[in-house]
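For reference, the chains in residue letters:
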Amino acid sequence: MQPQDHQARERALDPTTSFAVTAPAGSGKTGLLTQRVLKLLPLCENPEEVVCITFTRKAAAEMQERIAQAIQNAATTPRPESEHDQKTWDLAQAVIERDKEKNWQLLKNTGRLRVQTLSL
């Protein structure tokens, strides 16, 4: 079953547009942003070209961990059964292919994933 905001989530994955996500806690923002970063990475020459900005250090650390974990899972586990997890896994597979092509070594060097906080 698709979430009520399925179409908006799909638009958020369009690499030709920019967007900001605002939603209540527990609504899936981090999962959506993880997918967005995974969608953008294969389009780059270097992973540092993709920058994800959050409001807190805790959120930035969680985003970095989720992105790295998605790539790790796609490299080491079979494709999952849930639709959301399949999308994340498929996007991470594309990152793995680009990683191999460009020798980024993201699994060894997750610091190349740029997740930052706003400095006010």
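Just so we're clear, the structure is a prediction, and the values are computed from it rather than from any experiment.

Moving on, we get to the environment of Gln105. Within the element layout of this structure, Gln105 appears in the loop between helix H4 (83-102) and strand E2 (114-117). Overall, Gln105 belongs to the partly exposed group, its relative accessible area being 36%. A distance of 3.1 Å separates a polar atom in the side chain of Gln105 from a polar atom in the side chain of Asn103.

Note on soluble globular proteins: their nonpolar side chains tend to be buried together. Of all hydrophobic cores here, the largest spans 23 residues; its most connected members are Leu38, Leu41, Ile67 and Ile71. Of all the elements in the fold, those that place two or more residues in this core are helix H2 (29-40), helix H3 (57-76) and H4. With 7 residues, H3 is the largest single contributor of residues to this core. Those residues in contact with Leu38 that sit more than four places away from it in its chain are Ile67, Ala70, Ile71, Thr88, Leu91, Ala92 and Val95.

The subject of this paragraph is the packing of H3 against H4. For the pair H3 and H4, interaxial distance at closest approach is 8 Å and the crossing angle is 85 degrees. Judged on the interaxial angle alone, H4 and H3 are roughly perpendicular. Contacts between H3 and H4 involve Ala70, Ile71, Asn73, Ala74 and Ala75 on the former and, on the latter, Thr88, Trp89, Ala92, Gln93, Val95 and Ile96. Among the residues making up the contact of H3 with H4, the classes are represented as 8 nonpolar, 3 polar and no charged.

Moving on: a nonpolar patch on the surface. Together, Val51, Ile53, Phe55 and Leu118 make up an exposed nonpolar region whose accessible area comes to about 400 Å². Inspection of the secondary structure puts Phe55 in the loop between strand E1 (51-54) and H3.

Scanning all chains against the criterion turns up 7 salt bridges. The salt bridge involving Glu45 is made with Lys102; its shortest N-O contact spans 2.7 Å. Of this pair, Glu45 sits in the loop between H2 and E1 while Lys102 sits in helix H4, and the two are 57 residues apart along the sequence. Accessibility expressed as a relative area gives 31% for Lys102, which makes it partly exposed. Measuring nitrogen to oxygen at the nearest pair gives 2.7 Å for the salt bridge that ties Asp90 to Arg79.

In this fold, Val21 is placed in the loop between helix H1 (6-12) and H2. For Val21, a relative accessible area of 26% puts it in the partly exposed group. Measuring from C-alpha to C-alpha, the distance between Val21 and Leu33 comes to 8.2 Å, with 12 residues separating the pair along the chain. When residues no more than four places from it in sequence are discounted, the contact partners of Val21 are Lys29, Leu32 and Leu33.

Conventions we followed
- Residues numbered from 1 in each chain as written.
- Predicted model: local features only at pLDDT ≥ 70, side-chain atom pairs only at ≥ 80, totals over all residues.
- Heavy atoms only, no water.
- Helix = DSSP H or I, 4+ residues; strand = E, 2+ residues; numbered from the N terminus.
- Buried < 20%, exposed > 50% of the residue type's maximum accessible area, 1.4 Å probe, protein only.
- Polar contact = N/O pair within 3.5 Å; in protein donor to acceptor, adjacent residues only side chain to side chain.
- Core = buried A, V, L, I, M, F, W, Y, C linked by side-chain atoms within 4.5 Å.
- Contact = heavy atoms within 4.5 Å.
- Axes fitted to C-alpha atoms, helices over the stretch in contact; angles between N-to-C directions.
- Parallel < 35°, antiparallel > 145°, perpendicular 65-115°, else oblique.
- Nonpolar A, V, L, I, M, F, W, Y, C, P; charged D, E, K, R; others polar.
- Patch = residues over 30% accessible without salt bridge, like charges linked within 9 Å, V, L, I, M, F, W, Y side chains within 5 Å.
- Areas by Shrake-Rupley, 256 points an atom, 1.4 Å probe, with all protein chains shown as cover.
- Salt bridge = Lys/Arg side-chain N within 4 Å of Asp/Glu carboxyl O.

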